[in-house]
Amino acid sequence: SRPGIADNNIFLLDDAGQLTYGEFFEIADKLFLPLSRGVVAIICDKDRETIIGYGGALRAGIVPLLLDSIAEEGSLLHLIDRYEAEYVWARKDITPNGYEELDRFDNQILWRRRSSSGVDTICPDLVALIPTSGSTGDPKTVRLSQQNLTSVTSCIADYLNLDETRRAISLLPLQYSYGLSVLNSIMEARGSYVITDLSPVQRDFWDLVLVHGVTDFSAVPFVFDTIKRMRFSSEILDQLVCVTQAGGHLSPVVTKHFRTLFAPHGISYFTMYGATEASPRIAYLHPDDAEAKHGSVGKPISIGTVKLDGAEPETSEGELIYHGPNVCLGYATGREDLARGDDFAGILRTGDMARIDDDGFIYITGRLKRFVKIHGVSVNLEHVESVIREGGFDCHLLGRENIISVVSQQDYGEQILHFAKNRFTFHPSVWRSVMVDHIPRTSSDKVDYASLDEMIGRKTHAPR
């Protein structure tokens with residue numbers, strides 16, 4: 001935040017009206033500046049209250065722990081307890097145990113823990129805690145420093161040529177690192193941010209884009225796949241300035257469709273690549289290079305470098321290693337981890353297999369670990385599998401982008417999918433149920449997921 005700079009610029013626009021930067025700072029500072037350092041759990045929605053909580057916490061030196069409001073209340077309260085948050089910023093229908101009301105703004109209440117854990121348990125460099133796995137209830141977060149946030153935010157604003165005339169829209173969740181970076185970068189440029197819960201498949205969304213003069217929108221592959229058959233009006237195409245895509249692999253065919261659609265109207269279309277651990281940007285493909293380097297995620301951002309580890313001579317593929325000041329301090333799964341310093345030392349093993357061409361452009365070719373991107377969010381299959389097994393189902397999970405296969409030797413019918421769809425908030429189309437004769441195992445009696453993946457790859461992947 002930069003108090004005093006362009007404070008009269010309009011920042012937030014929503015159904016309730018608009019807030020200038022100056023008005024935003026005044027509200028946020030009134031709520032959070034009087035507080036002692038600690039952790040504030042922010043139950044995130046697409047609303048001005050969430051942004052006030054996030055911005056106010058950062059300005060006051062309070063560490064925001066961003067949690068997804070879609071998660072079950074029991075999971076939210078468990079996470080708040082795991083991190084022993086001194087404060088909770090939530091809508092009024094959520095009442096955390098062991099907290100007292102301290103302040104409120106509209107329908108949002110600021111709660112204070114009756115028994116504080118103490119400031120000595122928090123590393124001085126820690127400024128934010130960002131979840132790694134959406135609304136699954138996984139307690140793992142990424143620990144970010146001020147340097148992490150400011151270095152990458154300035155870099156993104158620079159390569160997207162953002163300025164105060166630009167206006168973004170809340171197409172992405174704010175607790176999601178990509179969505180948060182959109183907010184951070186538009187704030188860096190002192191541009192505006194339109195808040196809405198509308199979906200881009202709704203006509204009202206695009207009406208709002210026109211009414212508010214939105215110039216920029218950012219989305220994950222699932223959204224682009226959904227809207228690729230939509231006919232954009234000339235008014236919208238003439239108004240848009242920049243469109244960005246990240247959060248997973250988008251089919252080169254769909255990428256080319258949008259590049260071809262936007263280019264004649266002077267709309268810059270950026271394919272980007274990153275990770276929450278990189279705050280969250282690693283690379284981007286500039287529109288000028290999009291045709292010649294089709295399928296690439298581009299070159300590293302200006303503040304970072306990449307290399308391959310263990311590249312095979314036959315394929316020239318290896319694990320992509322990123323180095324830069326935006327690499328997070330490390331992970332946390334609870335309060336005990338908040339005192340930790342910098343575990344990563346600016347080096348991130350991405351877990352992605354990649355190749356790098358002679359011009360330095362990166363091509364992602366696969367994943368090393370049992371994480372999968374579900375509509376742009378990195379999901380820990382180990383955690384999801386454990387939750388479903390705790391529900392009484394003997395199963396194992398495999399994942400491909402936007403697909404989770406629940407594999408079992410027992411015929412649970414629709415029961416297992418019903419449980420999974422109710423327990424997690426992914427789109428129902430994500431889930432598959434596959435029955436097999438046996439579960440392959442390694443010599444150490446561990447499930448051989450590679451062999452299992454080959455087995456189910458030969459089976460029908462149609463939803464049941």
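Below is a summary of the structure that appears in this document. (Residues numbered from 1 in each chain as written. Predicted model: local features only at pLDDT ≥ 70, side-chain atom pairs only at ≥ 80, totals over all residues. Heavy atoms only, no water.)

### Let's talk about the state of the cysteines
What makes a disulfide is a covalent bond joining the sulfur atoms belonging to two cysteines.
Move 1: On inspection of all chains with the given rule, the structure shows zero disulfides.
Move 2: Free of any disulfide, C155 has its nearest cysteine sulfur in C242, 14 Å distant.
Move 3: Looking at C155, the relative accessible area reads 6%, which means it is buried. (Disulfide = S-S within 2.5 Å. Buried < 20%, exposed > 50% of the residue type's maximum accessible area, 1.4 Å probe, protein only.)

### Digging into the pattern of salt bridges
Move 1: The full count for this structure, using the stated rule, is 18 salt bridges.
Move 2: As a salt-bridge pair, R48 and D14 come within 2.8 Å of each other at their nearest N and O atoms. On the criterion of sequence distance, the pair formed by R48 in helix α2 (residues 48-60) and D14 in strand β1 (residues 10-14) is long-range, its members being 34 residues apart.
Move 3: With a relative accessible area of 9%, R48 lands in the buried category.
Move 4: What makes D14 buried here is its relative accessible area of 15%.
Move 5: Of the charged contacts in the structure, one is a salt bridge between D453 and R400, with a shortest N-O distance of 3.3 Å. Of the two residues, D453 sits in helix α12 (residues 449-457) while R400 sits in strand β24 (residues 396-400), which places them 53 residues apart along the sequence. (Salt bridge = Lys/Arg side-chain N within 4 Å of Asp/Glu carboxyl O. Helix = DSSP H or I, 4+ residues; strand = E, 2+ residues; numbered from the N terminus.)

### As for the pairing of β1
Move 1: The buried fraction of β1 amounts to four of the five residues, a majority that puts the element mostly inside the structure.
Move 2: Note that β1 and strand β2 (residues 17-20) share four bridges and pair antiparallel. Of the residues in β2, the one forming a bridge with L13 is Q18.
Move 3: Linking two consecutive strands that pair antiparallel, namely β1 and β2, is a turn of two residues.
Move 4: Here β1 pairs with strand β11 (residues 192-194) via two bridges, running parallel. In the strand pairing of β11, L13 is matched with V194. (Pairing = 2+ DSSP bridges.)

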